[in-house]
Amino acid sequence: MPGRDLIIRNIPEATFDKFRKLKDEKQYEDWVEFIKYLVRDVRLLDTTGEQIQKGTRDNLLGLWCKNFRRNLYYIPPMPLEEIRKTCELMEKNAKTGGSKSVADLVPEQIQKEDAAGQNTLKPYNLGSALIIGRGPSIFKHKHLDLLAKSNYKGTLMVTDGMLIECLKANVTPDLFPNFYVVTVDGNLEFIVKWYDHELVKQYGPKIKACIASATAYNAVEKAIESGMQIYWFQPLFDDITDISSWTKLNMYMTSTDKRPNGIPSTQCGGNCGATAWVIAHAIMRKNPCGLIGIDLGYLEETPLEETSYYKQALKITGGDVIAAKSLFKRIYNPYYKVTATADQIFYHYRESWLQMATECLPWERTINCTEGGTLHGDRIEQMRFAEFLEAFSE
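The rules behind the values
Chains are numbered independently. Their residues run from 1 in the order of the written sequence. Confidence filtering applies because this is a predicted model: local features only for residues at pLDDT of at least 70, side-chain atom pairs given and counted only at 80 or more, and all residues used for totals across whole chains, interfaces and linings. Calculation of side-chain values draws on the structure's entire complement of heavy atoms; hydrogens and water are dropped beforehand. A run of H or I in DSSP becomes a helix once it reaches four residues, and a run of E becomes a strand once it reaches two; helices and strands are each numbered from the N terminus. Each residue gets one of three labels from its accessible area relative to the maximum for its type: buried under 20%, exposed over 50%, partly exposed in between, using a 1.4 Å probe on protein chains only. Every residue pair with non-hydrogen atoms within 4.5 Å of one another is taken to be in contact. A 1.4 Å probe and the Shrake-Rupley method give the accessible areas. Residues count as covered only by the protein chains that appear here. His residues and chain termini do not enter the charge count, which takes Lys and Arg as positive and Asp and Glu as negative. One atom stands in for each charge, and that atom is NZ of Lys, CZ of Arg, CG of Asp or CD of Glu. The rule for pairing is simple: two strands pair if DSSP sees at least two bridges between them. Whether a crossover is right-handed depends on one test, that the path from the first strand over the helix to the second runs clockwise when the strands point away from the viewer. Aromatic pairing here means that ring centres of Phe, Tyr or Trp (its six-membered ring) are within 6.5 Å. Orientation follows from the plane angle: under 30 degrees is stacked, over 60 is edge-to-face, and everything else is tilted. The rule is short: NZ of Lys or CZ of Arg within 6 Å of the ring centre and within 35 degrees of the ring normal puts a charge over the ring. One speaks of a salt bridge when a side-chain nitrogen belonging to Lys or Arg is within 4 Å of a carboxyl oxygen belonging to Asp or Glu. Side-chain atoms within 4.5 Å are what join buried Ala, Val, Leu, Ile, Met, Phe, Trp, Tyr and Cys residues into a set we call a nonpolar core. By convention in this document, the label disulfide applies to cysteine sulfur atom pairs within 2.5 Å. Axis lines are fitted through C-alpha atoms, for helices just across the contact stretch, and the angle between N-to-C directions can take any value from 0 to 180 degrees. An angle below 35 degrees is treated as roughly parallel, one above 145 as roughly antiparallel, one from 65 to 115 as roughly perpendicular, and anything else as oblique. For this classification, Asp, Glu, Lys and Arg are treated as charged, while Ala, Val, Leu, Ile, Met, Phe, Trp, Tyr, Cys and Pro are nonpolar and the rest, including Gly, are polar. Within this analysis, the arc is defined by the directions that extend from the helix axis to the C-beta atoms. In protein, a polar contact requires one atom able to donate a hydrogen and another able to accept it; more generally it is a pair of N or O atoms within 3.5 Å, and residues adjacent in sequence count only if both atoms are side-chain atoms. Exposure above 30% relative accessible area and the absence of a salt bridge qualify a residue for a patch, where like charges join within 9 Å and nonpolar side chains (Val, Leu, Ile, Met, Phe, Trp, Tyr) within 5 Å.

S.K.: Is there a simple way to explain the overall build of the chain in this structure?
M.R.: Helix and strand counts for the chain come out as 17 helices and 13 strands. For the chain, the proportion of its 394 residues judged to be buried stands at 46%. Across the chain, contacts joining residues at least 24 apart in sequence account for 65% of those joining residues at least 6 apart. Total accessible area on the chain is roughly 21300 Å²; 52% of this is exposed by carbon and sulfur atoms. A gap of 3 Å separates the mean positions of the 48 positive and 50 negative side-chain charges of the chain.

S.K.: Hey, could you run me through the pairing of strand 5 (residues 208-212) in this one?
M.R.: Most of strand 5 sits out of view: 4 of its 5 residues are buried. Two elements, strand 4 (residues 179-183) and strand 5, share 4 bridges in a ladder whose sense is parallel. Along strand 5, the bridge assignment pairs Thr-183 with Ile-211. After leaving strand 4, the chain enters helix 10 (residues 198-203) and then returns to the sheet as strand 5, a path that is right-handed. Alignment of strand 5 against strand 6 (residues 229-235), held across 5 bridges, turns out to be parallel. Pairing of Lys-208 across the sheet is with Gln-229, part of strand 6. After leaving strand 5, the chain enters helix 11 (residues 217-225) and then returns to the sheet as strand 6, a path that is right-handed.

S.K.: Just to check I follow, could you spell out the packing of aromatic side chains for this structure?
M.R.: On inspection of all chains with the given rule, the structure shows 12 aromatic pairs. With a centroid separation of 5.5 Å and an interplanar angle of 35 degrees, the aromatic rings of Tyr-28 and Tyr-37 are classed as tilted. These aromatic residues form a ring-pair network of at least three members: Phe-16, Tyr-28, Trp-31, Phe-34 and Tyr-37. Its guanidinium or amino end placed over the ring of Tyr-180, Lys-208 lies 5.3 Å from that ring's centre, counting from NZ or CZ. Sitting over the ring of Tyr-347, Lys-329 keeps its end group 4.9 Å from the ring centre.

S.K.: Just to check I follow, could you spell out the pattern of salt bridges for this structure?
M.R.: Any two side chains of opposite charge can pair, so long as their charged atoms come close to each other. Taken as a whole and assessed by the stated rule, the structure comprises 13 salt bridges. Note that Glu-301 and Lys-140 form a salt bridge whose closest N and O atoms lie 3.8 Å from each other. Placement of Glu-301 in the loop between strand 9 (298-299) and helix 14 (310-316) and of Lys-140 in helix 7 (residues 137-140) is noted, with a sequence separation of 161 residues between them. The exposure class assigned to Lys-140 is partly exposed, which follows from its relative accessible area of 47%.

S.K.: Please clarify how the nonpolar core should be interpreted in this entry.
M.R.: Side chains of a nonpolar character, in soluble globular proteins, are inclined to be buried together. If you look at the biggest cluster of nonpolar residues, it comprises 53 residues, and the most contacted ones within it are Ile-132, Leu-147, Leu-156, Met-228 and Phe-388. One finds Met-157, Trp-277, Val-278 and Leu-291 within the second-largest nonpolar core, a separate group that totals 33 residues.

S.K.: What should I look at first to understand the state of the cysteines in this one?
M.R.: Such a bond, covalent and formed between the sulfur atoms of two cysteines, is termed a disulfide. With the rule as written, the count across this model stands at 0 disulfides. The structure places no disulfide on Cys-289, whose sulfur is separated from the nearest cysteine sulfur, that of Cys-360, by 8.3 Å.

S.K.: It is not clear to me how the packing of helix 1 (residues 13-25) against helix 2 (residues 31-38) should be interpreted in this structure. Could you clarify?
M.R.: Think of two packed helices as two axes; the pair is described by the angle between the axes and how far apart they sit. In the contact formed by helix 1 and helix 2, the axes pass within 11 Å of each other and the chain directions differ by 90 degrees. Taken together, helix 1 and helix 2 sit at an angle that is classed as roughly perpendicular. Contacts between helix 1 and helix 2 involve Phe-16, Phe-19, Arg-20, Leu-22 and Lys-23 from the former and Trp-31, Phe-34 and Leu-38 from the latter. Tallied by class, the residues present in the contact of helix 1 with helix 2 amount to 6 nonpolar, no polar and 2 charged.

S.K.: Help me out: how do you make sense of the sheet that holds strand 10 (residues 329-333) in this one?
M.R.: The strands that make up a sheet are held in pairs by hydrogen bonds between backbone atoms, and each pair lies either parallel or antiparallel. Taking strand neighbours across the sheet as the criterion, the 3 strands line up as 9-11-10 in an open arrangement whose pairing is antiparallel. Edge positions in the sheet fall to strand 9 and strand 10, since each has one partner strand and no second. Judged from the 5 bridges that link them, strand 10 and strand 11 (residues 338-342) form a sheet pairing that is antiparallel. Bridge pairing in strand 11 places Ile-331 opposite Ala-340.

S.K.: Quick question: what am I supposed to make of helix 17 (residues 385-392) here?
M.R.: In an α-helix, one turn spans 3.6 residues, which is why side chains three or four residues apart end up on the same side. For helix 17, the set of buried residues is Phe-385, Phe-388, Leu-389 and Phe-392. Viewed end-on, helix 17 has its buried residues packed into an arc of 95 degrees, placing them on one side of the element. Exposed residues pointing more than 90 degrees away from the buried face of helix 17 are listed as Glu-390 and Ala-391. Where helix 17 is buried, its residues contact strand 2 (129-132), helix 8 (143-148), strand 8 (289-292) and strand 12 (366-368).

S.K.: Explain the side chain of Ser-226 to me, please; I cannot follow it from the model alone.
M.R.: As for its placement among the helices and strands, Ser-226 is situated in the loop between helix 11 and strand 6. Among the polar contacts made by the side chain of Ser-226, one reaches the main-chain carbonyl oxygen of Ala-223 at a distance of 2.7 Å.

S.K.: Mind showing me how you'd approach a nonpolar patch on the surface here?
M.R.: Residues Phe-16, Phe-19, Trp-31, Ile-35, Leu-38, Val-39 and Val-42 make up a contiguous nonpolar surface patch of about 570 Å² in total accessible area. It is helix 2 that contributes the most residues to the nonpolar patch, 3 residues altogether. One can find Val-42 in the loop between helix 2 and helix 3 (48-71). Classification of Val-42 as exposed rests on a relative accessible area of 58%.

Right, dumping it as structure tokens:
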């Protein structure tokens, strides 16, 4: 392919001198090669992850703002006398401890050491955590039954879609006092049903809920009605230095005199399970963190036509069945010797999680106990769930 001539007119002398200095510093003799170096990170096409992020933002920003506006009634800490002037829900929220943030989940020992200027990037013996997702392996291997009969004393981080399933299986705060539920989704139709159940009302006062600022407001109201203690956070969605940053907007809208930077922002990995894992290991400093029900994919025997992504794949490919099926990836787990299938969304979640795992501190352990799924790679250990329970029933 022939190259093109590039002529830049009226470039300021100082700017040209900077170009020339940088070129010399990088030891480029040829200007063409130097320009290639300058644009080495520029992509003409967005990556799959960037396309997903852009589509998510474009399609859901309005919904997020709507939920965020409603949720602001519950996020700021207010004097009790002011809350009583608003509504019954605000009053009940205050009686259960008032709205807090996930910063309040940082262990007291670490808070004190940090305030004293001491190094807190070191191992702490603060117990383990178990992240519970809704992937098909949790039902296939009856992991909730194993957990309910165990002597596990660690912290449970339950994704919202598994809350009712856990309570039905006798995985309750009575047996596991350090019981948390995590929600990040803003869908007004689906998320509320995870909180609308008699068992949630029964155990609500004993459950702590980590909830994103743009979570569906009707689900937040159900959580408060049940008596849950709320811990707020905001997803670290985009570059906070960008003037149009959604994360920055959240920061401004939740700031107070005592909390000038707003509620904490956290990496979420695009899904509830990854969010629960981040809160457990990075904020609560639990180690190790076990995973069950975190498949990020479908069982090998699941027909592609029955997956939640297949209709979207057909739409993307204009109805081409072969092309639609090519959008799914089969991933073999050498430890469990099973294969799982990931669609484009699950694969993106998997890659994001694996990247976040590589950024963990050297002593932080993540142990995949799903006995299947797609999540395996560097810094993700594999262990059968029964072995995990035996090893970490403190």
